[in-house]
Amino acid sequence: MSTRTPDNQTDPHTVLLSATSESRPANVPSLVVIRGERLGNRIDLSAGAVVIGRGNDCDFRIGERSVSRAHCRVFKREDGYWIEDLGSTNRSFVNDEEVRLQRLIDGDQLRVGKTVLKFLDAGNPEAGYLAELHDHAVRDGLTGLYNRRHATAVLAEEFGRSQRVAGANLVLAIIDIDWFKQINDRIGHLAGDAVLSQLAQVLSDALRSGDTLARIGGEEFALIMPDTSLIEAHQACDRLRQMVAGHEFRIESGERIDVTVSIGLAEAAGEMDDYRKLLGEADRHLYDAKTGGRNSVRSRAA
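About the criteria used
Residues numbered from 1 in each chain as written. Predicted model: local features only at pLDDT ≥ 70, side-chain atom pairs only at ≥ 80, totals over all residues. Heavy atoms only, no water. Salt bridge = Lys/Arg side-chain N within 4 Å of Asp/Glu carboxyl O. Helix = DSSP H or I, 4+ residues; strand = E, 2+ residues; numbered from the N terminus. Buried < 20%, exposed > 50% of the residue type's maximum accessible area, 1.4 Å probe, protein only. Lys, Arg positive; Asp, Glu negative; His and termini not counted. Polar contact = N/O pair within 3.5 Å; in protein donor to acceptor, adjacent residues only side chain to side chain. Contact = heavy atoms within 4.5 Å. Expected span 1.5 Å × (residues − 1).

Draft legend 1. Region of the structure containing the pattern of salt bridges. Scanning the model with the defined rule gives 18 salt bridges in all. The network of salt bridges with shared partners includes Glu248, Arg250, Arg256 and Asp258.

Draft legend 2. Spatial organisation of the environment of valine 32. When you line up the elements, valine 32 lands in strand 2 (residues 30-35). Along the chain, valine 32 and leucine 117 lie 85 residues apart, while their C-alpha atoms are 5.1 Å from each other.

Draft legend 3. How the structure looks around the side chain of aspartate 108. By secondary structure assignment, the location of aspartate 108 is in the loop between strand 10 (101-103) and strand 11 (109-112). No salt bridge is formed by the buried aspartate 108; its nearest oppositely charged neighbour, arginine 103, is found at 8.3 Å. At 2.9 Å, the side chain of aspartate 108 and the side chain of asparagine 95 are in polar contact. Other than its neighbours up to four places away in sequence, aspartate 108 contacts Val94, Asn95, Arg103, Leu117, Lys118 and Phe119.

Draft legend 4. Up close: helix 6 (residues 275-291). Here helix 6 contains 17 residues, and its C-alpha end-to-end distance of 25 Å stays within 8% of the 24 Å for a straight helix at 1.5 Å per residue. Among the residues of helix 6, those classed as buried are Tyr275, Leu278, Glu281, Ala282, His285, Leu286, Ala289 and Lys290. Where helix 6 is buried, its residues touch helix 2 (148-164), strand 13 (170-177), strand 15 (220-226), strand 18 (261-267) and strand 19 (297-298). In this structure aspartate 274 caps helix 6, since a side-chain oxygen of it lies 2.8 Å from the backbone nitrogen of arginine 276.

Next comes the structure, spelled out in structure tokens:
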């Protein structure tokens, strides 16, 4: 086992094919999380070297205490892809054997702390299957949107980025259907499901590039908007509100149902030290919108 340190440098433009990305090319070398809290996330290795660790400046962050701030690095040489341990406290393992510097073979399993990533070389047929399996794990069965678990992971990741990158704004919107219980009580849950599915389509059609939309509760949705000011987010969400109010929602019988939404917004501010505080503020502003007459957008700015 060689301990020679390669002279490749980490590429700051590493592409993470996480669930925030709709494009999942299966023909590029990648690492896929097959065990751990970021299950299903995939890293495109063709974009450059990747540093894995607990630190906020890593290309792929694993927030486990057993993971060092800069734990290991995966990079390309002429003869393939290599893994180098960066002096981590708990070491790096390939196929359960401790490594310091080793070439990766298609199918190798890299263990970092309690997280296991599988190396898939270009063209590995398993990549497509794992991508499909990941979609089932992160998607809501009714609407096809991302689910709460995935939305929380994306929000935590984007919040961390907003805290460490200068000028990286982040706004969270929580969207709630007005009087949804009355729809279920009056017409039935199948009608309610139809409304949820149609609303998901309306919101998806208006989704901006880079934003993440998820269903996080019965009639509640989250919209994660990176690199967006609070004013821009407020304007975008008010357009969404108007689109929903003007849409013809119809159930199987052909009956039209009037649907409106209330939206609460929160911006990741300097005094926030946890993404849960962002969730809490957005939820408080949603409450303001609901108690203030519904069919409105509320935030710190308005």
